[in-house]
Amino acid sequence: MNMPNESSVELVMVPVPAPALPQVYEALDRYYKGLDLGPADVTVAVPGNGDWSQTEIKQLSGYYRNPKGRAVIRKIAVARGAEVTYGELAEAGGLSFDELRDQLSWFAKYAKKIKEGVHIWPITVEDRQGKPKEERYIYRMPPEIADWWLEIDGGDDAK
């Protein structure tokens, strides 16, 4: 890519909110290095589980290939932020509760690998103690992350 001579480029002053400065610096760095100025990887905050980017969700999808486990995550994604019970997840994957626990553990393990040892994942879990096992745990995935997951997984209608 041919970069313009810095002295031949008109410079403009643009007010930037202080929290956006790191992104502006990153864009300028890419510009001056001659890299693609495509959109930055968007992140979505998952309550209690950090920020997740579309790139990280793609990585997680690549690691997590078990068809029954993917059916479980698909069930959470299709709900787009609405609650999904432990029993509904077991049914979606055709799994016993013990098998479901194992699948969720693998998903968490791969998420931890992507987040370099931090034990977080792109799903929130609510423990409703005192409820029967099939209703005790409630799972939710932020709608934006759910859309990314479903896009990777073939859309809403894919099985």
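For every chain, the first residue of the written sequence is number 1, and numbering continues from 1 along that sequence. Side-chain atom pairs in this predicted model are given and counted only at pLDDT of 80 or more, local residue features only at pLDDT of at least 70, and totals for whole chains, interfaces and linings cover all residues. As a convention, hydrogens and water are excluded, and side-chain values are obtained from all of the structure's heavy atoms.

Caption draft 1: Quick look at the side chain of Gln-103. A run of H or I in DSSP becomes a helix once it reaches four residues, and a run of E becomes a strand once it reaches two; helices and strands are each numbered from the N terminus. Its location among the elements puts Gln-103 in helix 5 (residues 97-114). In this scheme, a residue with accessible area under 20% of its type's maximum is buried, one over 50% is exposed, and one in between is partly exposed, where area comes from a 1.4 Å probe on protein chains only. In this structure Gln-103 comes out as buried when scored by relative accessible area, which is 12%. Polar contact is the term for a pair of N or O atoms within 3.5 Å; when the atoms are in protein, one must be able to donate a hydrogen and the other to accept it, and sequence-neighboring residues count only if both atoms are side-chain atoms. Within polar-contact distance, the side chain of Gln-103 engages the side chain of Tyr-64 at 3.0 Å. Residue contacts follow a heavy-atom distance rule, with two residues in contact if any of their heavy atoms lie within 4.5 Å. Non-local contacts of Gln-103, meaning those with residues more than four positions away in its chain, are made with Tyr-64, Asn-66, Gly-69 and Leu-95.

Caption draft 2: Structural detail: the sheet that holds strand 3 (residues 84-85). When DSSP locates at least two bridges between a pair of strands, those strands are taken to pair. Spatial ordering of the open sheet is given by 3-5-4, a layout of 3 strands whose pairing is antiparallel. The sheet terminates laterally at strand 3 and strand 4 (124-127), the two strands that pair on one side only.

Caption draft 3: Broad picture of the packing of aromatic side chains. Between 30 and 60 degrees the pair is tilted, below 30 it is stacked and above 60 it is edge-to-face, where a pair is any two Phe, Tyr or Trp rings, Trp via its six-membered ring, whose centres lie within 6.5 Å. In total, this model carries 9 aromatic pairs according to the counting rule given. Each ring, one from Tyr-86 and one from Tyr-139, has its centre 6.4 Å from the other, and the planes form 20 degrees; the classification is stacked. With Tyr-86 in helix 4 (residues 86-93) and Tyr-139 in strand 5 (residues 137-140), this pair connects stretches of sequence that are 53 residues apart. For the pair formed by Tyr-86 and Tyr-139, the shared burial category is buried. On the basis of an interplanar angle of 55 degrees and a centroid distance of 5.8 Å, the ring pair of Phe-107 and Trp-121 is categorised as tilted. Of this pair, Phe-107 sits in helix 5 while Trp-121 sits in the loop between helix 5 and strand 4, and the two are 14 residues apart along the sequence. A single burial state applies to Phe-107 and to Trp-121, both of which are buried. Here the aromatic residues Tyr-63, Tyr-64, Trp-106, Phe-107, Tyr-110, Trp-121 and Trp-149 are joined through ring pairs into a cluster of three or more. Directly above the aromatic system of Trp-52 lies the positively charged group of Lys-115, at a separation of 4.7 Å from the ring centroid. Two limits define a charge over a ring: the Lys NZ or Arg CZ must be within 6 Å of the ring centre, and within 35 degrees of the ring normal.

Caption draft 4: Structural context of helix 4. Regarding helix 4, the residues found buried are Tyr-86, Gly-87, Leu-89, Ala-90 and Gly-93. Buried residues of helix 4, viewed axially, fall in a sector of 160 degrees; they line one side. Packing partners of the buried residues in helix 4 comprise helix 3 (67-79), strand 3, helix 5, helix 6 (133-136) and strand 5. This arc corresponds to the set of directions leading from the helix axis out to the C-beta atoms.

Caption draft 5: Examining the environment of His-119 more closely. Note that His-119 resides in the loop between helix 5 and strand 4. Sequence spacing of His-119 and Lys-109 is 10 residues, and the spatial spacing of their C-alpha atoms is 7.9 Å.

Note that every value here comes from positions in space, so none of it alone points to a role or purpose.
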